[in-house]
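One-letter residues, chain by chain:
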Amino acid sequence: MKLTLRANAKLNLMLDILSALPNGYHDLFMVMQSVSLHDLVTLEQNDSGAITVTCSDPAVPQGEGNLAHKAARVFFEETGLPFTGLSIAIEKHIPQAAGLAGGSADAAAVLVGLNRLCGAHLSDRDLIRLGSMLGSDVPFCALGGLMLAQHTGTVLSYLPPLPLGKLVIVTPDCTVSTGAAYKAFDTAERVRHLDKAGMFRSIMEADLDGVFRRIDNVFEQFIDVPERVVIKGVLRRHCAECACMSGSGPSVFGIFESEDDAEEAARALRRNFKSVFVCDCADRGVEIVDHQ
Ligand code: ATP
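Described in the following lines is the structure provided in the data block. In this text, all values refer to a predicted model and were calculated from it rather than measured experimentally.

Conventions we followed
Residue indices follow the written sequence of each chain, beginning from 1 at its first position. Two thresholds apply to this predicted model, a pLDDT of at least 70 for residue-level local features and 80 or more for giving and counting side-chain atom pairs, whereas whole-chain, interface and lining totals are computed over all residues. Only hydrogens and water are set aside when side-chain values are computed; all heavy atoms of the structure are taken into account. Only DSSP runs of H or I reaching four residues or more are called helices, and only runs of E reaching two or more are called strands; each is numbered from the N terminus. Residues belong to one nonpolar core when they are buried, are Ala, Val, Leu, Ile, Met, Phe, Trp, Tyr or Cys, and are joined through side-chain atoms within 4.5 Å. The buried label applies to any residue whose accessible area, calculated with a 1.4 Å probe on protein chains only, is under 20% of its type's maximum; exposed applies above 50%, and partly exposed to all values in between. Throughout the structure description, domain borders are defined by an automatic or database domain assignment. The contact criterion used throughout is that any non-hydrogen atoms of two residues lie within 4.5 Å. DSSP bridges decide pairing: two strands pair if at least two such bridges lie between them. For every element, the axis is a line fit to its C-alpha atoms; helices are fit only across the contacting stretch, and the angle between N-to-C directions ranges from 0 to 180 degrees.

1. Some details on unusual backbone geometry
Part 1: Residues G249 and P250 are joined by a peptide bond in cis, for which omega reads 5 degrees.
Part 2: By secondary structure assignment, the location of P250 is in the loop between strand 9 (242-245) and strand 10 (252-256).
Part 3: For H151, which is not glycine, the phi dihedral falls at a positive 55 degrees.
Part 4: With respect to the helices and strands, the residue H151 is situated in strand 5 (residues 146-151).
Part 5: The residue C239 is not glycine, and still its phi comes out positive at about 70 degrees.
Part 6: With respect to the helices, strands and loops of the structure, C239 is situated in the loop between helix 8 (227-237) and strand 9.

2. As for the nonpolar core
Part 1: V31, I88 and I215 are the most contacted members of the largest nonpolar core, which has 86 residues in total.
Part 2: Looking at which domains feed residues into this core, each of domain 1 (2-159 + 282-291) and domain 2 (166-279) gives three or more.
Part 3: Ignoring sequence-local partners within four residues, the contact set of I88 consists of V41, T42, L43, I51, T52, V53, T54, A68, H69, A72 and V110.
Part 4: Of all hydrophobic cores here, the second largest spans 16 residues; its members include V234, A243, A262 and A266.

3. Examining the sheet that holds strand 9
Part 1: The strand order across the open sheet formed by four strands is 9-10-7-11, and the pairing between neighbours is antiparallel. If you trace the sheet from one side to the other, it starts and ends with strand 9 and strand 11 (275-279), each paired once. Direction aside, the axes of adjacent strands within the sheet are offset by 15 degrees on average.
Part 2: Pairing between strand 9 and strand 10: four bridges, direction antiparallel. What sits directly across from C244, in strand 10, is F253.
Part 3: Docked against the sheet, helix 8 engages strand 7 (166-171), strand 9 and strand 10, running at close to 10 degrees with respect to strand 10.

Note that all results are geometric; they support no functional claim without further evidence.
Structure representation (C-alpha cells):
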C-alpha cells in the first residue's frame with residue numbers, strides 16, 4: 001500500500017525561552033502555526049526488510065541520516081507492529097535548516113502516515129510521545145494548526161484558529177545552527193522576555209491587532225541575520241501587519257491582510273532572494289493527499 005502526505009512547515013508566531021534546563025534542553029513558550037508550504041512524503045510498504053529514504057534535494061541526508069528514517073524506526077520499535085520493508089520518498093520544498101521545521105515535518109508525516117497504513121490507532125498523546133523521541137518540533141508537526149507548545153515543545157495545547165491572512169516567508173541564503181542559537185541565549189547578559197500572557201489573551205479573544213503587535217521571537221535578540229533588516233523593511237513597506245523571524249532563523253515572515261500586498265511584497269523580495277513563498281495558514285501539520 002502507498003500513501004502520500006503533505007508535511008506542512010511551521011512558523012513561530014511567538015518564541016520565548018523561559019530558562020535553560022539542567023539536562024541542556026530549554027523551557028520554551030512557543031505559539032506555532034502550520035502553513036501550506038510543504039514537502040510531499042510518499043510511504044510504500046514492501047518486502048525488502050529495510051527502510052530506504054530518498055529525497056529530491058541532494059543537500060538533505062538520504063538514508064539513515066534522514067529524520068524520516070529515524071521516525072519509521074521509532075514507529076515500529078515502539079508499536080511492536082510487524083515490519084516487512086518500507087520506502088520513503090521526500091519531495092522537498094521546505095528550505096532546510098531554516099527555522100521552518102522541514103525535517104520535523106517529514107518525520108511527523110512518517111509517524112502519521114504509518115499510523116494510517118498500519119492501522120495502529122495511535123492517539124494524539126501517542127504521537128506526541130513518539131515525536132518527542134525525534135525532535136522538539138516533531139510533536140507539534142504531527143498535530144498542527146495553531147498551538148501553544150511549552151516545556152521542551154512536548155506540552156501542546158490546541159488554540160482556536162485565527163484568520164491571520166496571507167503569509168510571505170523569505171529564507172535568506174545562510175544557515176543558523178540551532179545549537180549555537182541556544183548557546184547565545186545561555187550566555188546572554190540580558191534577555192527581554194516577551195508578552196506571553198498578552199499574546200495568549202489576544203488569541204483567545206480573537207484580537208488580531210493584539211496578536212500582530214505581540215508576534216516576536218526572542219532569538220532575534222541574539223541571532224544576527226544581516227538580511228533580516230532588509231527583508232523586514234520590504235515587508236513593512238508593502239503593508240505587512242507584522243514581520244518576524246521563525247525558530248532560530250534565518251527565515252523571516254510577514255503577515256498580510258491583502259493578498260495583493262503579499263504578492264507585491266513577494267515580487268519585490270524575489271529581486272534579491274531565491275526562496276520566497278506566499279502561503280496560507282494550515283489547520284493540520286500533516287494531510288493525506290493520496291492513498292492507493
Ligand atoms: P527546526 O525549525 O525544527 O529547528 P529547521 O527548519 O531549522 O528545524 P531542518 O530543515 O529540520 O531545520 O534541518 C535541520 C537539519 O536536519 C539539516 O541540516 C539536515 O541535515 C537534517 N535533516 C535530516 N532529515 C531531514 C529532512 N527530512 N529534511 C530536512 N533536513 C533534514
